[in-house]
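What follows is each chain in one-letter form.
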Amino acid sequence: MAIDTVNDLLARLGALLGLGALQFDEQGALGLNIDGRLTLGIQYDPNRERVLIYADLGALPAGPLQTTLLIRMLQVSLFGRLTAGGALGLAPDLDPEKPLRIVLWKAMDVAALDLPALEQGLRQFIDAIDDWQEALPEWTEGAILEEPGAVNFAFDPAMGIRV
């Protein structure tokens, strides 16, 4: 069973990092606190035999910059750039009166997963979270992050990407 394979990898990763044996709970979920500064959600998807890694990046701000922020987030995450191969999404807060939450997520196929791939995937994902946690406050205050190459391309549906 694929979840057993992933639990074995998580246990080995936990031992490697000095965290003890990590494993999914009965719902196939695991929360991983990184240095007390962020929490990763790790979820097993049995229907597609993949592992989902996700992190809450904060509330989607209301106001005049919301549309600009959403457009900018889509631009810089095209084809997995600045997302460690993952994607950005919006999720409802547990309190329906609160704003939507910005979520960074990534899927990893169990069939292609081994310990080095899991460790590298998590490290790259954590680096992407750090980048977004730095950029989002600037964007919500009206500044535009000038990441080299972030939006200096055009997409032509007939021809693909032109650089």
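Residues numbered from 1 in each chain as written. Predicted model: local features only at pLDDT ≥ 70, side-chain atom pairs only at ≥ 80, totals over all residues. Heavy atoms only, no water.

1. A closer look at the sheet that holds strand β1 (residues 29-34)
Sheet strands pair via backbone hydrogen bonds, and the direction of the pair is either parallel or antiparallel.
And then number 1: With antiparallel pairing, the five strands of this open sheet are ordered in space as β1-β2-β3-β5-β4. Lying at the two open borders of the sheet, with one neighbouring strand each, are β1 and β4 (87-91). When the angles between neighbouring strand axes are averaged without regard to direction, this sheet yields 30 degrees.
And then number 2: Pairing analysis gives nine bridges linking strand β3 (residues 50-59) to strand β5 (residues 101-109), with the strands arranged antiparallel. (Pairing = 2+ DSSP bridges. Helix = DSSP H or I, 4+ residues; strand = E, 2+ residues; numbered from the N terminus. Axes fitted to C-alpha atoms, helices over the stretch in contact; angles between N-to-C directions.)

2. Brief notes about the pairing of β1
And then number 1: Bridge count for β1 against strand β2 (residues 38-45) is six bridges, and the pairing is antiparallel. Following the sheet pairing, L30 is matched in β2 by I42.

3. Here we look at the environment of A59
And then number 1: Counting through the fold element by element, A59 comes out in strand β3.
And then number 2: What makes A59 partly exposed here is its relative accessible area of 35%.
And then number 3: Between the C-alpha atom of A59 and that of A91, which follows or precedes it by 32 residues, the distance is 9.4 Å.
And then number 4: With residues near it in sequence (within four places) discarded, A59 still touches P99, L100, R101 and I102. (Buried < 20%, exposed > 50% of the residue type's maximum accessible area, 1.4 Å probe, protein only. Contact = heavy atoms within 4.5 Å.)

4. Some points on the packing of aromatic side chains
And then number 1: Applying the stated criterion across every chain yields a total of one aromatic pair.
And then number 2: With a centroid separation of 6.3 Å and 45 degrees between ring planes, the pair formed by F24 and Y44 is classed as tilted. Residue F24 is located in the loop between α1 (2-16) and β1, and its partner Y44 is located in strand β2; the two are separated by 20 residues in the primary sequence. Neither residue differs from the other here; F24 and Y44 are each classed as buried. (Phe/Tyr/Trp six-rings, centres within 6.5 Å; stacked < 30°, edge-to-face > 60°.)

5. A closer look at unusual backbone geometry
And then number 1: A positive phi angle is found at D35, which is not glycine, with a value near 55 degrees.
And then number 2: Within the element layout of this structure, D35 appears in the loop between β1 and β2.
And then number 3: Judged by relative accessible area, which is 69%, D35 ranks as exposed.

Just geometry here; none of it tells us what the structure is for.
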